[in-house]
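Letter by letter, the chains look like this.
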Amino acid sequence: MFVTFEGIEGTGKSTQIRKLAAFFAEQGQGVETTLEPGGSRLGKDLRRILLNMESRDLTAQAELFLYLADRAQHVATVIRPALAAGKVVLCDRFADSTVAYQGYGRGLDPKMLHRLNEVAVAGVWPELTILLDVAPEVGLHRALARNIREKKCGTEGRFEAEELDFHSRVREGYLAWAGLHPERFRVVDAGSAPDVVFEAVRTLVEARLDAR
């Protein structure tokens, strides 16, 4: 089973992935947790470029192709092998992030981005995508506080430094894209406490497992 988590900055994706990984592990199920950018060896180098404040001069097109390179390598070397080994794969961001950020956020054509994503993922699409949704003001406040706490404002703060309007466009894009793909997307209100959010996440995952 391949499950991806999407959402703007500060929605708690990594927290929910940790909780869901623990849930599967308690059942004796092998789990692979990963993320984009940075899930592969090459991806770690690309992550340093893509998220660093020193890369604020990246064009939308250059940013796009770096993400696609990260994704193609990630699928080939991490995600596909883990699925072939019978593991559940839980991924913090995947192809839908490109549509939301580079498409709705940066103004590139979402349909074109989807076609490019199809090349990068080589047929490996998530069975379930959980969109954690929160108001941009709330998410950005959480993300900035996290970066300060973890001393990552310079190394991983490029998107948090974008204007609020950018994050609003990304959020609206996510919701629009989820509406176009209801067979795969499930939207969860991420404004509550992490344990409350996880109960909603767990219920959705169990329902998808039961429907298999």
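The model shown is predicted, which means the values in this text are computed figures rather than measured ones.

Novice: Honestly, the nonpolar core in this entry has me stumped. Any pointers?
Specialist: Taken as a class, soluble globular proteins show a tendency for nonpolar side chains to be buried jointly. If you look at the biggest cluster of nonpolar residues, it comprises 42 residues, and the most contacted ones within it are Leu20, Ile130 and Val201. Leave out the neighbours within four places in its chain, and Leu20 touches Phe5, Leu90, Phe198, Val201 and Val205. In terms of nonpolar packing, the next biggest core, distinct from the first, is built from 10 residues, Phe2, Ile79, Ala82 and Phe94 among them.

Novice: Explain the pattern of salt bridges to me, please; I cannot follow it from the model alone.
Specialist: Where charged atoms of side chains with opposite charge meet at close range, the side chains can pair. For the coordinates displayed, the defined rule picks out 16 salt bridges. With a closest N to O distance of 3.5 Å, Arg93 and Glu9 form a salt bridge. You can see Arg93 sitting in the loop between strand E3 (88–92) and helix H4 (95–105) and its partner Glu9 sitting in the loop between strand E1 (2–6) and helix H1 (13–26), a full 84 residues away along the chain. Just as Arg93 is buried, Glu9 falls in that class too. The salt bridge partner of Arg202 is Glu206, with a shortest N-O separation of 2.9 Å. One end of the pair is Arg202 and the other is Glu206, both in helix H8 (residues 194–210) and four residues apart, which spans about a single turn. Residue classification places Glu206 among the partly exposed residues on the basis of a relative accessible area of 29%.

Novice: Is there a simple way to explain the packing of aromatic side chains in this structure?
Specialist: Aromatic ring pairs are defined here through the distance separating the ring centres and the angle between the ring planes. For the structure on display, the rule yields six aromatic pairs. Note on Phe23 and Phe24: the rings are 5.5 Å apart at their centroids and 65° apart in plane angle, and the pair reads as edge-to-face. With respect to burial, Phe23 and Phe24 carry one shared label: buried. The rings of Tyr101, Phe159, Phe166 and Tyr174 are connected pair by pair, giving a single aromatic cluster. Of note, Arg71 hangs over the ring of Phe94, and the distance from its end group to the ring centre comes to 5.8 Å.

Novice: Just checking my understanding: could you explain the side chain of Thr98 for this structure?
Specialist: One can find Thr98 in helix H4. Exposure remark for Thr98: the relative accessible area of 1% places this residue in the buried category. Polar contacts involving the side chain of Thr98 include one to the side chain of Arg71, which spans 2.8 Å. The residues touching Thr98, leaving out its near neighbours within four places in the chain, are Leu64, Tyr67, Arg71, Gly103, Leu113 and Asn117.

Novice: For this particular structure, what's the right way to read the pairing of strand E4 (residues 128–133)?
Specialist: For a regular strand, side-chain orientation follows a simple rule: the groups alternate between the two sheet faces. Counting buried positions along E4 gives six out of six residues, so the element sits mostly inside the fold. The side-chain alternation of E4 yields two buried faces, one formed by Leu128, Ile130 and Leu132 and the other by Thr129, Leu131 and Asp133. Bridge count between E1 and E4: four bridges; the pairing is parallel. When the sheet's bridge partners are listed, Val3 is paired in E4 with Leu128. Of the pairings in the sheet, the one linking E4 to strand E5 (residues 185–189) comprises five bridges and is parallel in character. The residue bridging Thr129 from the neighbouring strand is Phe185, located in E5.

The rules behind the values
- Residues numbered from 1 in each chain as written.
- Predicted model: local features only at pLDDT ≥ 70, side-chain atom pairs only at ≥ 80, totals over all residues.
- Heavy atoms only, no water.
- Core = buried A, V, L, I, M, F, W, Y, C linked by side-chain atoms within 4.5 Å.
- Buried < 20%, exposed > 50% of the residue type's maximum accessible area, 1.4 Å probe, protein only.
- Contact = heavy atoms within 4.5 Å.
- Salt bridge = Lys/Arg side-chain N within 4 Å of Asp/Glu carboxyl O.
- Helix = DSSP H or I, 4+ residues; strand = E, 2+ residues; numbered from the N terminus.
- Phe/Tyr/Trp six-rings, centres within 6.5 Å; stacked < 30°, edge-to-face > 60°.
- Lys NZ or Arg CZ within 6 Å of the ring centre and 35° of its normal.
- Polar contact = N/O pair within 3.5 Å; in protein donor to acceptor, adjacent residues only side chain to side chain.
- Pairing = 2+ DSSP bridges.

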